[in-house]
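Survey of secondary and tertiary structure
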Amino acid sequence: MSRSGTFREAPRRLLDAATAMMPDGAVMPREQAQALIEKVVKMSKADEISVNVTSGYQADLRFAANQVSTSGGVVNGQLGIQSTFGKKHAAAVTNDLSDASLRHAVEQSEALAKLSPDDPETMPGLPSQTYVPVNGYFDSTANLSAEDRARAALTALEPARKAGDLKAAGFIVVNAGSNAIGNSKGLFAYNRSTNANYTLTVRTDDGTGSGWSGAEHPDWKQLDFSGLSAHAIEKARLSRNPVAIEPGRYTVILEPQAVGDLVQLMGFALAARNADEGRSAFSKQGGGNKIGEKIVDSRVTIFSDPQDPQILAQPYDGQGLPLSRQVWVENGVLKQLFYSRFWAQKQGKQPTGFPSSIKLEGGTTSVDDMIKSTPRGILVTRLWYLRPVDPRTILFTGLTRDGTFLIENGKISKSIKNFRFNESPLFLLSNLEALGPAVRIGGTEQGGPVVMPTIKAKDFNFTSLSDAV
């Protein structure tokens, strides 16, 4: 779309390249998925067989340099088969659902399984299970048109064009799909879901300023496109001509995206096996784990819950194990660790499944109030390129990005150059000073539903400067 193009012209151009709305039948209904799995199971000659069926439609719109660059939609479908003989197993995948293709995939998985080495941690398939109800499918998301996506993009494109010295680049991705799992033991699980994700970067023409915002939710109506776009534009303007300040330990105000980038990594470290084997931040010296011990500030509660209205995630894992509300940290105390089926059986525990979603309960302090209460500190928009340093403390290194600001005497005083940091979510949450309301963030390197608050904390460890914008 050219700078001079009108909005009415934009949808017509986009519709030439993308389906206006999701095609009928793109999301496989429950009955069809169950019948398909039953058909495949009957073809099996293995000791056990499990089948995973995914289907859906993804539509997207990408823009850069203040104009739409691509718009499209694709229907996806895949069937995966795992065959097991004793402790041997292997998988095959197909996107051709004809009887001949399904039979070939079954035979291929069986042939590969017979050639595979024994897996000493193989677990038998689950029998029929009961799952908590989750309504994560919204017609407001599934029935979007290309015009709807274009209107959302214009909340960033129009003001960036009008400014004259800003360039906006963003991505809107909308998914509607289903997943079904079944096996020869009588298991069947089905989940239908939608998701809408918006991320936006706005740069200044002189290359010195950058602002970012992002959000996602199963319900398109929950995304405030105008507010998100205005936030990124304001950050870009404020971040022009950053100055260097000395690295060191500072009081920080981390916006929800920055909190999620770091704190989600704590969820991955909550494996009971790692703790029991002495390889974790949650291992106790001399053996055992730290369940029941205070590990962070008493205001911290972290949990996973597929039914939480800000999450609405699939209520089972890749093996069909039910997922329900699991509280990992409550009032600063480590309440539990997650157990795979194998490790739970070995340790005489109940399996929990992996924390595929994570939420840190928020507070009531606004960003403005956090800034006003800070004599000297740093406001961080988001983090990126996080990499592990020490698993025993969950220490990570990474960089700030897209808007980093110095706070002096309760006000933002200037834009500053980005930092490299070395920090652990455990240190961050132990040095907590204030919490804001929790929001669903726009995604992380690790993926999955993540809900985080703004955090104010002391002694965040910035180790060196970065010239990257």
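Residues numbered from 1 in each chain as written. Predicted model: local features only at pLDDT ≥ 70, side-chain atom pairs only at ≥ 80, totals over all residues. Heavy atoms only, no water.

Let's talk about unusual backbone geometry
- One non-glycine residue, Asn331, lies in the positive phi region at around 50 degrees.
- Inspection of the secondary structure assignment puts Asn331 in the loop between β9 (326–330) and β10 (333–334).
- Exposure remark for Asn331: the relative accessible area of 47% places this residue in the partly exposed category.
- Unusually for a residue other than glycine, Asp459 sits at a positive phi of about 60 degrees. (Helix = DSSP H or I, 4+ residues; strand = E, 2+ residues; numbered from the N terminus. Buried < 20%, exposed > 50% of the residue type's maximum accessible area, 1.4 Å probe, protein only.)

A closer look at the pairing of strand β7 (residues 248–254)
- With respect to burial, β7 is a largely interior element, 5 of its 7 residues being buried.
- Sheet topology places β7 next to strand β17 (residues 450–466); 6 bridges connect them, and they run antiparallel. By the bridge assignment, Ile253 is partnered in β17 with Lys456.
- When β7 meets strand β12 (residues 376–390), the two strands line up parallel, connected through 3 bridges. The residue of β12 that forms the bridge with Val252 is Ile378. (Pairing = 2+ DSSP bridges.)

As for the sheet that holds strand β5 (residues 188–204)
- With antiparallel pairing, 6 strands are arranged side by side in an open sheet as β3-β2-β1-β4-β5-β6. Looking at the sheet topology across the chains shown, the edges are occupied by β3 (88–94) and β6 (210–217). Direction aside, the axes of adjacent strands within the sheet are offset by 15 degrees on average.
- Inspection of the sheet shows strand β1 (residues 48–64) paired to strand β2 (residues 67–85) by 17 bridges, in the antiparallel sense. Along β2, the bridge assignment pairs Asn52 with Gly80.
- Along the sheet face, helix α3 (residues 99–115) touches β1, β2 and β3 and points at about 150 degrees away from the line of β3. (Axes fitted to C-alpha atoms, helices over the stretch in contact; angles between N-to-C directions. Contact = heavy atoms within 4.5 Å.)

Some remarks on the confidence of the model for the chain
- Of all residues in the chain, 96% have pLDDT values of 70 or greater, and the mean over the chain is 94.
- Contacts of residues 1–19 to residues separated by more than four positions or lying in other chains number 33 contacts, the stretch itself having pLDDT below 50. (pLDDT = per-residue confidence, 0-100.)

Some remarks on the packing of helix α2 (residues 30–43) against α3
- Viewed as axis vectors pointing N to C, α2 and α3 meet at an angle of 50 degrees, and their least axial separation amounts to 10 Å. Here α2 is positioned oblique relative to α3, judged by the angle of their axes. When the axes of α2 and α3 are compared, the crossing they make is right-handed. Note on element contacts: α3 touches α2 through Asp99, Leu102, Arg103, Val106 and Glu110, opposite Leu36, Lys39, Val40 and Met43. (Parallel < 35°, antiparallel > 145°, perpendicular 65-115°, else oblique. Left-handed = near helix turned anticlockwise from the far one by under 90°.)

Describing the pattern of salt bridges
- In total, this model carries 22 salt bridges according to the counting rule given.
- Here Arg273 ties to Glu121 by a salt bridge, and the two come within 2.9 Å at their closest N and O atoms. Here the residue Arg273 occupies a position in helix α8 (residues 272–276), and Glu121 occupies one in the loop between α3 and α4 (139–142), the gap between them amounting to 152 residues.
- Given a relative accessible area of 27%, Arg273 falls into the partly exposed group. (Salt bridge = Lys/Arg side-chain N within 4 Å of Asp/Glu carboxyl O.)

As for the nonpolar core
- With 55 residues, the main nonpolar core has Met266, Phe282, Ile302, Val329, Leu429, Ile455 and Phe462 as its most contacted residues.
- Excluding its chain neighbours within four sequence positions, the residues that come into contact with Ile302 are Val263, Met266, Gln326, Val327, Trp328, Val329, Ile358, Lys359, Leu360 and Leu429.
- If you look at the next biggest cluster of nonpolar residues, it comprises 27 residues, including Phe63, Leu144, Ile172 and Leu228. (Core = buried A, V, L, I, M, F, W, Y, C linked by side-chain atoms within 4.5 Å.)

Describing the packing of aromatic side chains
- Throughout the structure, instances matching the rule amount to 13 aromatic pairs.
- Residues Phe338 and Phe354 carry aromatic rings whose centres are separated by 5.2 Å and whose planes lie at 80 degrees to one another, so their mutual orientation is edge-to-face. With a gap of 16 residues between them, Phe338 in the loop between β10 and α9 (341–347) and Phe354 in the loop between α9 and β11 (358–360) connect regions that are remote in the sequence.
- Overall, Phe338 belongs to the buried group, its relative accessible area being 12%.
- For the ring pair Trp384 and Tyr385, a centre distance of 5.7 Å and an interplane angle of 85 degrees mean the geometry is edge-to-face.
- Overall, the relative accessible area of 43% leaves Tyr385 in the partly exposed class. (Phe/Tyr/Trp six-rings, centres within 6.5 Å; stacked < 30°, edge-to-face > 60°.)

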